[in-house]
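Secondary and tertiary structure notes
Spelled out from the first residue to the last, the chains are:
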Amino acid sequence: MKKLIVANFKMNQQPSDVKNYFIKFVSLFTGVRADVVICPAYLDIPLAKFLTNQSPVKIGAQNVSDEEEGAFTGEVSAKMLKAQGVEYVLIGHSDRRIKFKESDKLINKKIKTALKNGLKCIVCVGETLADRNTERTYEVIRKQLDEDLRGLYENELESVIIAYEPIWAIGTGNNASVKDVENAAKVIRRAINENFSEKASRDIQVLYGGSLNEKNYAPLLSCTGIDGGLFGGLSLNVNALLNIANSIK
Ligand code: PEP
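Residues numbered from 1 in each chain as written. Predicted model: local features only at pLDDT ≥ 70, side-chain atom pairs only at ≥ 80, totals over all residues. Heavy atoms only, no water.

For helix α8 (residues 178–195), built from 18 residues, the straight-helix expectation of 26 Å at 1.5 Å per residue is met to within 8% by its first-to-last C-alpha distance of 26 Å. Within α8, the full set of buried residues consists of Asp180, Val181, Ala184, Ala185, Val187, Ile188, Arg189, Ala191 and Ile192. (Helix = DSSP H or I, 4+ residues; strand = E, 2+ residues; numbered from the N terminus. Expected span 1.5 Å × (residues − 1). Buried < 20%, exposed > 50% of the residue type's maximum accessible area, 1.4 Å probe, protein only.)

In structure tokens form, the structure reads like this:
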């Protein structure tokens with residue numbers, strides 16, 4: 001199975017950057033070794049969709065409203081994203097959990113709304129440095145998964161991907177070790193097994209994200225239980241992302 005590579009541009013690119021990025025990425029991406037999902041800012045989604053029209057590159061959103069429609073000023077609904085051709089959405093990213101105070105209850109509602117509207121959810125979980133230092137990593141991930149996926153039907157998990165993103169590793173240059181990542185993948189799959197089924201725990205895609213770069217991605221993304229990676233900072237460099245997407249084993 002091909003690895004899954006997800007790029008999160010966050011609030012970084014201007015439309016001209018996005019244009020140049022996608023023109024280059026689409027012309028040089030082989031699509032042989034990896035599936036790629038790129039998540040630009042909401043405003044850049046129509047341009048990104050236009051430029052990836054003839055390519056295997058999929059477009060994701062960085063966020064979505066938990067509400068279907070109505071008086072929610074500034075929000076963007078799952079239905080609106082779907083109408084733009086978006087296929088994936090990041091939910092529960094630590095930027096949202098911490099800076100926008102998103103709770104597991106809200107994340108659960110966002111996942112349900114996104115799934116109902118036909119979007120695939122990339123659900124991010126991970127512990128803080130304080131959790132890690134007090135040996136609460138696995139307890140924290142387990143609680144997030146139990147609450148975020150509560151009430152989902154097993155067949156809906158086919159449209160859910162879990163990204164293990166330790167918060168202390170995001171944007172810090174301090175990536176988790178292979179052992180950390182393998183252990184987290186085990187905890188994630190155990191939670192899916194206990195809450196859903198053994199089959200679901202085997203089938204679900206689990207990603208690692210947190211200070212991935214051209215030097216560390218190979219061991220981290222080929223470790224047991226990991227199906228791909230979520231790239232933040234590195235993904236802004238089109239050559240670096242292309243190199244990884246075209247050469248990952
Ligand atoms: C992220 O924001 O999800 C992320 C993984 O960022 P970075 O790769 O920069 O650590």
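As a further point, take the site of the ligand. The immediate surroundings of the ligand are formed by 13 residues, with Lys10, His93, Gly171, Ser211 and Gly233 found nearest. Within the contact set of the ligand, an oxygen atom lies 2.5 Å away from a side-chain nitrogen or oxygen of lysine 10. Note that an oxygen atom of the ligand is positioned 2.8 Å from one of the side-chain N or O atoms of histidine 93. Summarising the interface, the protein chains cover 95% of the accessible area of the ligand, which totals 290 Å² for the free molecule. For the shell around the ligand, the residue count by class is 4 nonpolar, 7 polar and 2 charged. (Near = heavy atom within 4 Å. Polar contact = N/O pair within 3.5 Å; in protein donor to acceptor, adjacent residues only side chain to side chain. Areas by Shrake-Rupley, 256 points an atom, 1.4 Å probe, with all protein chains shown as cover. Nonpolar A, V, L, I, M, F, W, Y, C, P; charged D, E, K, R; others polar.)

Following the criterion strictly, the structure yields 19 salt bridges and no others. The closest approach of N and O atoms between aspartate 95 and lysine 99, which form a salt bridge, is 3.3 Å. One end of the pair is aspartate 95 and the other is lysine 99, both in helix α4 (residues 94–99) and 4 residues apart, which spans about a single turn. With relative accessibility at 59%, the residue lysine 99 sits in the exposed group. A salt bridge links arginine 142 to glutamate 194; the nearest nitrogen and oxygen atoms lie 2.9 Å apart. Of this pair, arginine 142 sits in helix α7 (residues 137–148) while glutamate 194 sits in helix α8, placing them 52 residues apart in sequence. It is possible to trace a salt-bridge network through shared partners that takes in Lys10, Asp95 and Lys99. (Salt bridge = Lys/Arg side-chain N within 4 Å of Asp/Glu carboxyl O.)

Counting 69 residues, the largest nonpolar core has Phe25, Leu149 and Tyr208 as its most contacted members. Those residues in contact with phenylalanine 25 that sit more than four places away from it in its chain are Val36, Ile38, Val57, Val238, Leu241, Leu242 and Ala245. Membership of the second largest hydrophobic core comes to 12 residues, among which are Val6, Cys39, Leu90 and Cys124. (Core = buried A, V, L, I, M, F, W, Y, C linked by side-chain atoms within 4.5 Å. Contact = heavy atoms within 4.5 Å.)

With that settled, consider the sheet that holds strand β6 (residues 160–164). Taking strand neighbours around the barrel as the criterion, the 8 strands line up as β1-β2-β3-β4-β5-β6-β7-β8 in a closed arrangement whose pairing is parallel. For this sheet the average axis-to-axis angle between neighbouring strands, irrespective of direction, equals 25°. Pairing of strand β2 (residues 34–39) with strand β3 (residues 58–61) involves 2 bridges; the strand directions are parallel. Within the sheet, the bridge partner assigned to isoleucine 38 lies in β3 and is isoleucine 59. α8 contacts β5 (120–125), β6 and β7 (205–209) of the sheet and is inclined by roughly 145° relative to β6. (Pairing = 2+ DSSP bridges. Axes fitted to C-alpha atoms, helices over the stretch in contact; angles between N-to-C directions.)

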